[in-house]
Structure formats: structure tokens, C-alpha cells
Amino acid sequence: MSQSLNKVKKRIGVVESTKKVTNAMKLVSSVKFSKLSREYNNRQDYFLYLNELASTCFSVASVNHLNVPYIASNPKANARLIVVIGSSMGLCGGYNLNIKKLLESEYKEGDELLLIGKVSLDINKEDNIKINSDFAEILKNFSIKSAEKLALFLLKAFEKNEYKEIVLLYTRYVNSISFIPTKVSILPVEFKLNKKVGLNPGDFEPSIGEFSKILIKQYLTTDLYFKIFESYLSETVSRRNAMDNADKNAEELIDKLTLEYNKARQASITQEITEIVNGSKK
């Protein structure tokens, strides 16, 4: 009986140690999430303004049937590049699994991948798929400069007709319990067409073509920054939620094992008393 008690006691100790780790990770993720969400909200106005400016510029070009780059796919290219944002670390629930399912539904033979996030590199790598891992660790010390470096790389590849289309698979942040794997077109630019826009090509200096070339770098850098930031924010809150669930499960298991331990201990004490009473009767 003592061996059984020791076994249960050891299990309780192991679960309690695990609970300390999950609780610590939950606290760290909660602090990081609060900081990231404040930064995300503070910068959203600038992103919305730049997005509106880009939509206006490209709407004018589209309505007037102007030959402006970046708003149409490359007819000279066949390959498509899929940029996939995974997690920087593990233990974040179904975050990576959900983005992987989206990739599996979007991938077609001949597509090439550019992976962001160390963990996504591990779960998505396939021998028969061309993979670019140059930006796999971009989430480490991520900044607007990191996004600009990626934006320039994608722009250069698109301008050289290496890809007919560049799409991004990221996790869109909705709130602290909802984040959705999402596909968007990076190049050609995906924008909301406004046919009633009150501008014409002559309103852009020196020309709408030159203006779009200047605008696209800033727009794409900012767009990538916010979408990568959204993914990282989703990853962080997903990890916090996963650790919170693990913490609760550990508490339930500790309660269950403690009850089991107390029952076994009570049975052991009862058996000892019974043996003593029976011995005294002899």
C-alpha cells in the first residue's frame, strides 16, 4: 500500500511542477500580449490612412485603364509565391495547425514557399517543394525595418517577373479568443475599387505611375508589418490561452490525484487499525 501511496504522491509532485511552468508561461504571454495589443491599437490609424491612400491611387489607375504596375498579375511568369507566417516558438495550441491547414488547401503544384517563423519551417518543409527560409527568423527582434527588407525582396522578385502572384497566409487577429487563418494577395495589390473616386490621373505628381512606385514601397512595408504583427499577436494570445487551459487541466488532475491519495491513505490507515484490533483479540 505504501508503494501505491508513494507513486500517487510522486505524480502529484510532477503535475505541480508542470503547473508552475505553464503558469509562468501564461503570465509571460499575458504581459507580452498586453504590450503588443496596445502597440497594435496605437498604430492602426496610420495603417488605415495609408491603406485608403493606396486604394485611391490604384482605383484611379484602374478606372482610367492605366498601365500601372503592381495592380495586375505578371503574364510572363508561371510560378506563384506563397508567404506563410507560422510561430516563433511552440506551445501555442492549434495556431500552427490552423495555418498549415490553410496552406494545404491553397497550395498547388509548382507553387513556391517563403516561410516566416521557426516552427512553421519544421512543420511545412517538404522535399518536393521549393522553400525560401531566408526570412524564417524575422520574428526575432521584429521591426518596421524587418518588414521593409521583406517588402523590397518581394517587390524586386515581382518586378523581375519571377512570380505571377505573391500571396500571404497569416493569422488575422479578431479578439483575445478569436483569430482566423487568412489569405490575402500581396502582389498584385489587393484593394477596394472605388469607381466614384473624386480624382483623376493629373492630380498625381509627377505622374500616377511614378507616384505609385513611390507609394508601393511604403504601403507594402506597412501592410506586411501589420499582418506579421497581427500573426505574432495571435500567436502570443494563443499561447496564453493554451497555457491557461493547461494550468486548469493541471489543477483538475492535482485535485483528482489528491483525492485518490487521500482515499488510498485512509484505506491504509483503516487496514492498519483492523490488523491491530485483530491482533489484540488473539
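Just above, that's the structure.
If you're wondering where the values come from, they're calculated on a predicted model, not measured in any experiment. Each residue is numbered by its place in its chain's sequence as written, counting from 1. The predicted origin of the model limits local features to residues at a pLDDT of at least 70 and limits the giving and counting of side-chain atom pairs to 80 or more, whereas totals for whole chains, interfaces and linings rest on all residues. Neither water nor hydrogens contribute to the side-chain values; these are computed over all heavy atoms in the structure.

S.K.: Looking at this model, I keep getting lost on the overall build of the protein chain. Mind explaining?
M.R.: The way it works is that DSSP assigns letters per residue, a run of H or I at least four long becomes a helix, a run of E at least two long becomes a strand, and they are numbered from the N terminus. Each helix and strand in the protein chain was counted, giving 5 helices and 5 strands. Listing every helix and strand of the protein chain by position from the N terminus yields α-β-α-β-α-β-α-β-β-α. By definition, residues are in contact when any of their heavy atoms lie within 4.5 Å. Of all intrachain contacts in the protein chain linking residues separated by at least 6 positions in sequence, the fraction that spans at least 24 positions is 77%.

S.K.: Any chance you could explain the side chain of S231 here in plain terms?
M.R.: Position of S231 among the secondary structure elements: in helix α5 (residues 208-281). With residues up to four places along the chain from it excluded, the contact list for S231 reads I85, Y95, Y170 and T171.

S.K.: Please explain the sheet that holds strand β1 (residues 80-85) as it appears in this structure.
M.R.: Pairing between the strands of a sheet is mediated by backbone hydrogen bonds and can be parallel or antiparallel. Paired strands, in this sense, are two strands between which DSSP finds at least two bridges. In space, the 5 strands of this open sheet follow the order β3-β2-β1-β4-β5, with mixed pairing throughout. Of all strands in the sheet, those bounded by a partner on one side alone are β3 (131-132) and β5 (178-187). Pairing of β1 with strand β2 (residues 112-116), which is carried by 5 bridges, proceeds in the parallel orientation. Bridge pairing in β2 places I85 opposite I116.

S.K.: Honestly, the packing of aromatic side chains in this entry has me stumped. Any pointers?
M.R.: Between two aromatic rings, the relevant description is the distance of the centres plus the angle of the planes. Pairing of aromatic side chains here covers Phe, Tyr and the six-membered ring of Trp, requires ring centres within 6.5 Å, and sorts the geometry by plane angle: under 30 degrees stacked, over 60 edge-to-face, intermediate tilted. Under the counting rule described, the total for this entry stands at 9 aromatic pairs. Between the aromatic rings of Y40 and Y173, the centroid separation amounts to 6.3 Å while the plane-to-plane angle is 80°, which identifies the pairing as edge-to-face. Placement of Y40 in helix α1 (residues 2-63) and of Y173 in strand β4 (residues 165-175) is noted, with a sequence separation of 133 residues between them. On the basis of relative accessibility, which here comes to 16%, the residue Y173 falls in the buried class. Grouped by ring-pair contacts, the aromatic residues F33, Y40, F47, F142, Y173, Y225, F226 and F229 constitute a single cluster. Exposure categories follow from relative accessible area, calculated using a 1.4 Å probe and restricted to protein chains: below 20% of the type maximum is buried, above 50% is exposed, and the middle band is partly exposed.

S.K.: Help me out: how do you make sense of the pairing of β5 in this one?
M.R.: A regular strand places its side chains on the two faces of the sheet in alternate fashion. Where β4 and β5 come together, 9 bridges link them in antiparallel fashion. Opposite R172, over in β5, you have I180 as the bridge partner.

S.K.: Explain helix α2 (residues 95-106) here, please?
M.R.: Residue pairs three or four apart in sequence face the same way in an α-helix, which turns once every 3.6 residues. Multiplying 1.5 Å by the residue count of a helix minus one yields the expected span of that helix. Between its first and last C-alpha atoms α2 spans 17 Å; for 12 residues at 1.5 Å apiece the expected length is 16 Å, and the two agree. Within the span of α2, buried status applies to Y95, N96, I99, L102 and L103. An end-on view of α2 places all buried positions within 125° of arc, on one side of the element. Those residues of α2 that are exposed and angled more than 90 degrees off the buried face are E104 and S105. The directions considered for the arc run from the helix axis to the C-beta atoms.

S.K.: Would you mind showing me how to read the pattern of salt bridges here?
M.R.: Two side chains carrying opposite charge are able to pair once their charged atoms lie near each other. Throughout this description, the term salt bridge denotes a Lys or Arg side-chain nitrogen within 4 Å of a carboxyl oxygen of Asp or Glu. Under the criterion given, the structure shown has 13 salt bridges. Across the pair K19 and E251 runs a salt bridge, and its minimum N-O distance is 3.6 Å. With K19 in helix α1 and E251 in helix α5, this residue pair connects regions lying 232 residues apart in the sequence. Owing to a relative accessible area of 38%, E251 belongs among the partly exposed residues under this scheme. With a shortest N-O distance of 3.9 Å, K160 and E162 are connected by a salt bridge. Salt bridges here are not isolated pairs; linked through shared partners, they connect K19, K26, D244, D247, K248 and E251.

S.K.: Sorry if this is basic, but what is going on with the nonpolar core here?
M.R.: Note that soluble globular proteins tend to have their nonpolar side chains buried in a common cluster. Residues belong to a common nonpolar core when they are buried Ala, Val, Leu, Ile, Met, Phe, Trp, Tyr or Cys residues joined through side-chain atoms within 4.5 Å. One finds I116, L150, L154, I166, I186 and L187 to be the most contacted residues of the largest nonpolar core, which totals 54 residues. Of all the elements in the fold, those that place two or more residues in this core are α1, β1, β2, α4 (144-159), β4, β5 and α5. Per-element tally for this core: the top contributor is α5, with 13 residues. Beyond its immediate stretch of four places on either side in the chain, L150 contacts L114, I116, F135, I138, L224 and I228. Counting residues in each nonpolar core, the second largest holds 10 residues, with I82, L102, L103 and L169 among its members.

S.K.: Could you clarify how one ought to interpret α4 in this entry?
M.R.: Spanning 16 residues, α4 covers 22 Å between terminal C-alpha atoms, matching the ideal 22 Å at 1.5 Å per step. Along α4, the residues that are buried comprise S146, A147, L150, A151, L154, L155, A157 and F158. Down the axis, α4 shows its buried residues gathered within 165° of arc, on one side only. Exposed positions of α4 whose direction lies more than 90 degrees from the buried face are K145, K149 and K156. The first or second residue beyond α4 is N161, which carries a positive phi of 60°.

Bear in mind that shape data such as this cannot, by itself, settle questions of function.
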